[in-house]
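Topology and contacts: notes
Each chain is listed here by its residues.
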Amino acid sequence: MNDENETMTQDNTDDQEVVEIVHPDAKWYVVHTLTGQELKVQKYIENTVVDKGLQDFIFKVLVPMEDVIEMYHGKRRTVQRKFFPGYIVVQMLFDKNTESFISGVPGVTGFIRSAGKAVPLSPDEIESIMNKIEKEKVSQKVEIPFVEGEPVRVVDGPFKDFTGIVSEINHERGKIRVMVSIFGRLTPVDVDFMQLKPDKK
């Protein structure tokens, strides 16, 4: 097999970085999976591609995800959520062999197609996904279980036991602005979302 069909690694003795050289005709394809099976499909492909002799045709498998901070039993926890549940993206050379292999992976239901043909992502589309992945590596999304206009009760902090209405949500900081009545006047106060509970009357 000629060199241009090979995935190569080059060791830099100075900084020990590994440079991946992928076939110039390789493209990214979207593959539909059973919901909840995305990571299993990714692992199966990565573990099996060498055994099938397809390492020079299938290069990368991605399950784009983000870190989300959410509440669980009154505590914060960080969980990973998929950008596109039920889908993975595969960088590959598309032919009958690679199509057959990917389509036969347990949990895969098929390629995303147009007019009956698997259509690769455009350079702009894959760049957008990669940029989003890189952005999420340096920031965490806070999952706030409240909506604007919702009645809430403050359960901790200097405004404990005050009730009010959510007027604004800052997802980046995990803060919520609540309009509460102080001395008979509606006043905006900023509290952490963990200090609030729905006010069910």
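See the structure above.
Everything in this summary refers to the structure shown in the same document. (Residues numbered from 1 in each chain as written. Predicted model: local features only at pLDDT ≥ 70, side-chain atom pairs only at ≥ 80, totals over all residues. Heavy atoms only, no water.)

**Focus: the overall build of the chain**
The number of helices and strands found in the chain is three helices and 16 strands. Considering the chain as a whole, with its 201 residues, one finds that 35% of them fall into the buried category. Here the analysis covers contacts within the chain between residues at least 6 apart in sequence; of these, 58% occur between residues at least 24 apart. As presented, the chain carries roughly 13000 Å² of accessible surface, and 49% of it is formed by carbon and sulfur atoms. (Helix = DSSP H or I, 4+ residues; strand = E, 2+ residues; numbered from the N terminus. Buried < 20%, exposed > 50% of the residue type's maximum accessible area, 1.4 Å probe, protein only. Contact = heavy atoms within 4.5 Å. Areas by Shrake-Rupley, 256 points an atom, 1.4 Å probe, with all protein chains shown as cover.)

**A word on unusual backbone geometry**
Here A115, not a glycine, exhibits a phi torsion of approximately 55°, which is positive. You can see A115 is positioned in the loop between β9 (113-114) and β10 (117-118). Despite not being glycine, D161 has its phi angle at roughly 80°, a positive value. Take D161: it is sitting in the loop between β12 (151-154) and β13 (163-170).

**Some thoughts on the sheet that holds β12**
Reading across the sheet, the five strands line up as β15-β14-β13-β12-β16 and stay open at both edges, with antiparallel pairing between neighbours. Each edge of the sheet is formed by a strand with only one pairing partner; in this case those strands are β15 (185-192) and β16 (196-198). Across the sheet, the mean angle from the axis of one strand to that of its neighbour is 45°, orientation sign disregarded. Where β12 meets β16, three bridges bridge the pair, whose relative direction is antiparallel. Residue pairing across strands places V152 opposite P198, the latter belonging to β16. (Pairing = 2+ DSSP bridges. Axes fitted to C-alpha atoms, helices over the stretch in contact; angles between N-to-C directions.)

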